[in-house]
Amino acid sequence: MSADPGDDPHVRLLLGAYVLDALDDGETCRVARHLRGCDDCARVYVEVAEASALLALLRSDDLRE
Ligand SMILES: [Zn+2]
């Protein structure tokens, strides 16, 4: 088994798009199913979700200035 980044069994590369709801249905299903069974990716997902919530807050602050 070689480490092919295009065939990652984990879904870390998709988590950013998953948080932004930018994946198609198949990918969304795959990520959701994987997160239920993989503590590592679930932890990364929480971090990405928090970071993106913070970024959204920062962005709305910027808009007000
Ligand atoms: Zn994983």
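Since the structure is predicted, the reported quantities are computational estimates derived from the model, not experimental observations. (Residues numbered from 1 in each chain as written. Predicted model: local features only at pLDDT ≥ 70, side-chain atom pairs only at ≥ 80, totals over all residues.)

1. Considerations on the overall build of the chain
Alright, step 1. In terms of regular secondary structure, the chain is built from three helices and zero strands.
Alright, step 2. Counting over 65 residues, the chain shows a buried share of 9%. (Helix = DSSP H or I, 4+ residues; strand = E, 2+ residues; numbered from the N terminus. Buried ≥ 20, exposed ≤ 12 C-beta atoms within 10 Å, placed from the backbone.)

2. Comments concerning the nonpolar core
Most often, soluble globular proteins have nonpolar side chains that are buried together.
Alright, step 1. By size, the foremost hydrophobic cluster in this structure holds six residues: Val11, Leu15, Tyr18, Val31, Cys41 and Tyr45.
Alright, step 2. Breaking this core down by element, the ones donating at least two residues are helix 1 (12-19) and helix 3 (39-64).
Alright, step 3. Excluding anything up to four places from it in sequence, tyrosine 18 contacts Leu23, Thr28 and Val31. (Core = buried A, V, L, I, M, F, W, Y, C linked by C-beta atoms within 7 Å. Contact = placed C-beta atoms within 7 Å.)

3. Topic: unusual backbone geometry
Alright, step 1. Even without being a glycine, aspartate 21 presents a positive backbone phi close to 60 degrees.
Alright, step 2. With respect to the helices and strands, aspartate 21 occurs in the loop between helix 1 and helix 2 (25-37).
Alright, step 3. Exposure remark for aspartate 21: the 7 C-beta atoms within 10 Å place this residue in the exposed category.

4. Comments concerning the confidence of the model for the chain
Alright, step 1. Looking at the chain as a whole, its pLDDT mean stands at 87, while 83% of the residues score no less than 70.
Alright, step 2. Per-residue pLDDT, averaged within each element of the chain, yields its smallest value for helix 3 (89) and its largest for helix 2 (96). (pLDDT = per-residue confidence, 0-100.)

5. Description of the packing of helix 1 against helix 2
Alright, step 1. Look at helix 1 against helix 2: their axes get within 10 Å of each other, and the N-to-C directions meet at 115 degrees. Comparing the axis directions of helix 1 and helix 2 gives the class roughly perpendicular. Seen from above, helix 1 lies across helix 2 with left-handed handedness. The segment helix 1 lies against helix 2, with Leu14, Leu15 and Tyr18 engaging Glu27, Thr28 and Val31.
Alright, step 2. In terms of residue class, the contact of helix 1 with helix 2 is built from four nonpolar, one polar and one charged. (Axes fitted to C-alpha atoms, helices over the stretch in contact; angles between N-to-C directions. Parallel < 35°, antiparallel > 145°, perpendicular 65-115°, else oblique. Left-handed = near helix turned anticlockwise from the far one by under 90°. Nonpolar A, V, L, I, M, F, W, Y, C, P; charged D, E, K, R; others polar.)

6. A word on the environment of glycine 16
Alright, step 1. Position of glycine 16 relative to the elements: it lies in helix 1.
Alright, step 2. Expressed as a C-alpha distance, the spacing of glycine 16 and serine 52, which sit 36 residues apart in the sequence, is 8.4 Å.

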